[in-house]
Amino acid sequence: MSEARTADQRISELEAVLKTVIVFNQNAMAAVSRRVTEGNPGITDALIQDLRSLKELGYNGIDKGLYDSYIDSFIVAVNS
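Each residue is numbered by its place in its chain's sequence as written, counting from 1. Owing to the predicted nature of the model, reporting of local features is limited to residues with pLDDT of at least 70; listing and counting of side-chain atom pairs is limited to 80 or more, with chain, interface and lining totals taken over all residues. With hydrogens and water stripped out, all remaining heavy atoms of the structure feed into the side-chain values.

**Let's talk about the pattern of salt bridges**
Working step 1: Salt-bridge detection follows one rule: a side-chain nitrogen of Lys or Arg within 4 Å of a carboxyl oxygen of Asp or Glu. Following the criterion strictly, the structure yields four salt bridges and no others.
Working step 2: Between Lys55 and Asp72 there is a salt bridge, and its shortest N-O distance comes to 2.7 Å. Of this pair, Lys55 sits in the loop between α2 (41–54) and α3 (64–79) while Asp72 sits in helix α3, placing them 17 residues apart in sequence. Secondary structure elements are taken from DSSP: a helix is a run of H or I of four residues or more, a strand is a run of E of two residues or more, and numbering for both begins at the N terminus.

Structure representation (structure tokens):
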């Protein structure tokens, strides 16, 4: 059996890695943020404002809607 992978197999593997990294990063950042802001509404509010300000930045080569949705998800996680 050949060790060569098709382009579709490589793309599928990259998609799985990318999804894994995204979920890990969101969960790790949310956990750290919840711990840092625990019991301190002022820090929570400041963090949320900083996150919202990230949505105003522009980047080339990314899906801005997806980027903004990740920030919104992170804000929800910080508030949980």
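From this point on, the discussion continues.
**Some points on the confidence of the model for the protein chain**
Working step 1: On average, residues of the protein chain carry a pLDDT of 88, and 96% of them reach 70 or more.
Working step 2: When mean pLDDT is taken per element in the protein chain, α2 scores highest with 92 and helix α1 (residues 7–37) scores lowest with 88. As a per-residue quantity, pLDDT reports the predictor's confidence and falls between 0 and 100.

**Notes on α1**
Working step 1: By this rule the span expected of a helix is its residue count minus one, scaled by 1.5 Å. A rise of 1.5 Å per residue sets the reference length of α1, with its 31 residues, at 45 Å; its end C-alpha atoms lie 44 Å apart and thus fit the reference within 8%.
Working step 2: Exposure is judged per residue with a 1.4 Å probe applied to protein chains only, and the accessible area is read against the type maximum: over 50% gives exposed, under 20% gives buried, and values in between give partly exposed. Among the residues of α1, Ala30, Ser33 and Thr37 are the ones counted as buried.
Working step 3: Phi for Gly39, located one or two positions after α1, is positive at around 75°.

**Brief notes about the packing of α1 against α2**
Working step 1: Remark: α1 packs on α2, axes separated minimally by 8 Å, with the N-to-C direction vectors making an angle of 140°. In terms of orientation, α1 lies oblique with respect to α2. Facing Ser33, Val36 and Thr37 of α1, the residues of α2 in contact are Ile43, Thr44 and Leu47.
Working step 2: Class assignment of the residues belonging to the contact of α1 with α2 gives a composition of three nonpolar, three polar and no charged. Lines fitted to C-alpha atoms define the axes here, with helix axes fitted over just the stretch in contact, and angles between the N-to-C directions of these axes take values from 0 to 180 degrees. Here roughly perpendicular refers to angles of 65 to 115 degrees, roughly parallel to angles under 35, roughly antiparallel to angles over 145, and oblique to all remaining angles. Any two residues whose heavy atoms approach within 4.5 Å at even a single point are treated as in contact. Gly is put with the polar residues, along with every residue not named as nonpolar or charged; the nonpolar set is Ala, Val, Leu, Ile, Met, Phe, Trp, Tyr, Cys and Pro, and the charged set is Asp, Glu, Lys and Arg.

**Examining the packing of α1 against α3**
Working step 1: Packing of α1 against α3 brings their axes to within 9 Å, and their N-to-C directions diverge by 35°. Both α1 and α3 take part in a crossing whose hand is right-handed. Packed against α1, whose contacting residues are Ile22, Gln26, Met29, Ala30, Ser33, Arg34 and Thr37, the element α3 presents Tyr70, Ser73, Phe74, Ala77 and Val78 at the interface.
Working step 2: For the contact of α1 with α3, the per-class residue count stands at seven nonpolar, four polar and one charged. In this scheme, a crossing is called left-handed if the near helix is turned counterclockwise away from the far one by less than a right angle; it is called right-handed if the turn is clockwise.

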